[in-house]
Amino acid sequence: MDTSWTADALVIFGVTGDLAQKMTFPALYLLERRGLLDVPVIGVGRRELTDAQLADRARKAIEESGEHVTDVVFDRLARRLTYVAGNASDPATYERLAQRLSGCRRPLYYLAMPPALYAPIVEQLGAARLVARARVAVEKPFGHDLASARALNQLLCQVLEEEQILRVDHFLGKEPVIELEYLRFANTAMDELWHRDSVSAIQITMAEDFGVAQRGSFYDEVGALRDVVENHLLLVLALVTMDPPVGPSAEDLWAKKVEVLRATPAVEVRDYVRGQYLGYLQVPGVAPGSTTETYAALRMHIDNWRWAGVPVFIRAGKELPVLDTEVRLMLREPPRLGFLPDPNQVAANQIVLRIDPDAGMRLDLSALDQDNRWRRIPLETVFARELGKPQAPYERVLYAALTGDDRYFAPFSVVEQCWRIVQPLLSYPPPVFPYPVGSWGPPEAEALVADYPPWQQPWLPE
C-alpha cells in the first residue's frame, strides 16, 4: 500500500442503519462544511431508495444530531450522495457497485454493519475485483474473544493485506485521548511525574448515567467488558503508559502501544468484579436470567521499568450516578515532615484527565488555609476554552480513513494484545453482583482497591 494513499470514493455499507444515521452522516456534513470532503459517497443498503430519498434521510439524521444545517453546505453534500440497493451477500449488488465506482481506483469501504458480515462482504468485494487498491474500515468489536478475533483477521487477510484494514474505534478520535500524547511528551513537567517513582496508582473510570435502553438484544451478547474495556479503555491505558514514539509515523506510535500492552499480563479472575444493574433483566431483548455484566471493574499491572509496582484500576458501567470518563494518576504521598502542622492530613497530589464531558485536565495540590487546615487546591483547564472547539470523533476518524492517516486505526497486533489481556475473564467469568440504579456499582468492587487509594469521585463539569 502506497503511504500517500488517499481515497477517491467512499462506499458506506449499511447506510440506512443506526450507526450511519447517528454518526456517519453528521460527520460527513461537518467535513463538507470544513471543505474537507472531496469524494463521491455511495451508500449501499437493502432498502429500495432513490438518491434523493437517501439525501432526505441524510438531512434528517444531521438535523437530529443537533447540527444546524445550512442549505448551501448540505446541497454540496447531497450532490455527492448516490445509492446502490441490494443484499450484501448477492453478487449482483457488487456488479451494480462496480458500475458506480467506474473510474475510481482507491475506494474506501466503510462497513457500518454487524461484525458477522465483515468477512462475507470482503469476500464479495474480492470476488468482484474491487479491492486491489482499496481500504476497508470495520467497526468494533473485532471478534468477541481472542480466538474469534484471530479467525476474523485470518478471513480478511485472505483477501486484503493488513495495511488495507482499518479497525475503527471512535474513542481514538476524541480530542483529549489525542492530547494525551502531547501533554505527556511535550511538557517536561508532566513527563517527570509520569512513572513509578511518582505515581502510586492509576484509575480509569467510564461512568454512564443511562442504561441499555433499546439495545438489549445487542448488549446482552456483549457486556461491559467487551463493549468498552477491551477496546476503548485498554487503548486509553496504552496511551497513558507507553514510552515516547521514536518517530512521527503511525507505525512508530502503534509500536509503543503494542510494547506496553505486551508488558501487561492477562488479568486474573480474582482481580475482576462484575455487576448488573437492577432492572436490566426487564429490558426488551435481554435473555431471561441473563448474567451479562453492565459493570466491570478490574485490577491490572504492567511489568516494565516505568510502571512496575503501580496498580491500574479500571471501572466501567451503566446506570451509575454520573456521566464521566476520566484518567486519574494518584501521586505518592509526601514524606512525614516535622515542620508541617499535621502531616497525616496532607492529601496526595493527583493528575486528572477528563475525556467526557467537557474534556480538560486538572492538577490537585495541597495548601494551608487561614485556619491552618489542609485544603485541596485544583489547578484546572478545559481544553475547548483554551484550544478551541475540537473535531467530533467520527469526523476526525472518517477524515483520517479517507486521507490515509493510520494513527487512529489499531493494527491487529494491538487488537490481539487487548483480547489476550481480558481472555481469562471471558473464559472463566466470576459471578455477577446486582447493584441499584444510581449507585457506583456493586460494593464488591471496593475490595479491588483495598490498601490503595479508594475509588475517587469524578471531576465533573461545573
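Starting from 1, residues in each chain are numbered consecutively following that chain's sequence as written. The predicted nature of this model means local features are confined to residues of pLDDT at least 70 and side-chain atom pairs, given and counted, to a pLDDT of 80 or more, with totals for whole chains, interfaces and linings taken over all residues. The side-chain quantities take in all heavy atoms of the structure and omit both hydrogens and water.

Visitor: Explain the packing of aromatic side chains here, please?
Guide: We describe a pair of aromatic rings using the distance from one ring centre to the other and the angle between the two ring planes. Side-chain rings of Phe, Tyr and Trp, where Trp is taken by its six-membered ring, are said to pair if the distance between their centres is within 6.5 Å; with planes under 30 degrees apart they count as stacked, over 60 as edge-to-face, and otherwise as tilted. By the definition in use, this model includes nine aromatic pairs. Taken together, a centroid distance of 6.5 Å and an interplanar angle of 70° make the contact between Tyr 277 and Tyr 435 edge-to-face. Of this pair, Tyr 277 sits in strand 8 (residues 272–277) while Tyr 435 sits in strand 15 (residues 432–435), placing them 158 residues apart in sequence. Each of the two residues, Tyr 277 as well as Tyr 435, counts as buried. Grouping aromatic residues by their ring pairs yields a cluster made of Tyr 219, Tyr 277, Tyr 280, Tyr 295 and Tyr 435. Charge-over-ring placement is defined geometrically: NZ (Lys) or CZ (Arg) within 6 Å of the ring centre, and within 35 degrees of the ring normal. One Lys or Arg, Arg 167, reaches over the ring of Phe 142 and ends 4.9 Å from the middle of that ring. Over the face of the ring belonging to Trp 459 we find Arg 354, whose NZ or CZ atom lies 3.9 Å from the ring centre. Strands are runs of DSSP state E lasting at least 2 residues, helices are runs of H or I lasting at least 4, and numbering of each runs from the N terminus. In this scheme, a residue with accessible area under 20% of its type's maximum is buried, one over 50% is exposed, and one in between is partly exposed, where area comes from a 1.4 Å probe on protein chains only.

Visitor: Would you take a moment to explain the pattern of salt bridges for this structure?
Guide: The term salt bridge refers to a pairing of a side-chain nitrogen on Lys or Arg with a carboxyl oxygen on Asp or Glu at a separation within 4 Å. Scanning the model with the defined rule gives 21 salt bridges in all. Where Asp 71 meets Arg 59, a salt bridge forms, and the shortest distance between an N and an O atom there is 2.8 Å. Residue Asp 71 is found in helix 3 (residues 71–80), and its partner Arg 59 is found in helix 2 (residues 51–64); the two are separated by twelve residues along the sequence. For Asp 71, a relative accessible area of 45% corresponds to the partly exposed category. Overall, the relative accessible area of 24% leaves Arg 59 in the partly exposed class. Across the pair Arg 135 and Asp 406 runs a salt bridge, and its minimum N-O distance is 2.8 Å. Taken together, the residues span a long stretch of sequence, with Arg 135 in strand 5 (residues 135–139) and Asp 406 in the loop between helix 13 (393–403) and helix 14 (412–427) at a distance of 271 residues. The network of salt bridges with shared partners includes Glu 32, Arg 76 and Arg 80.

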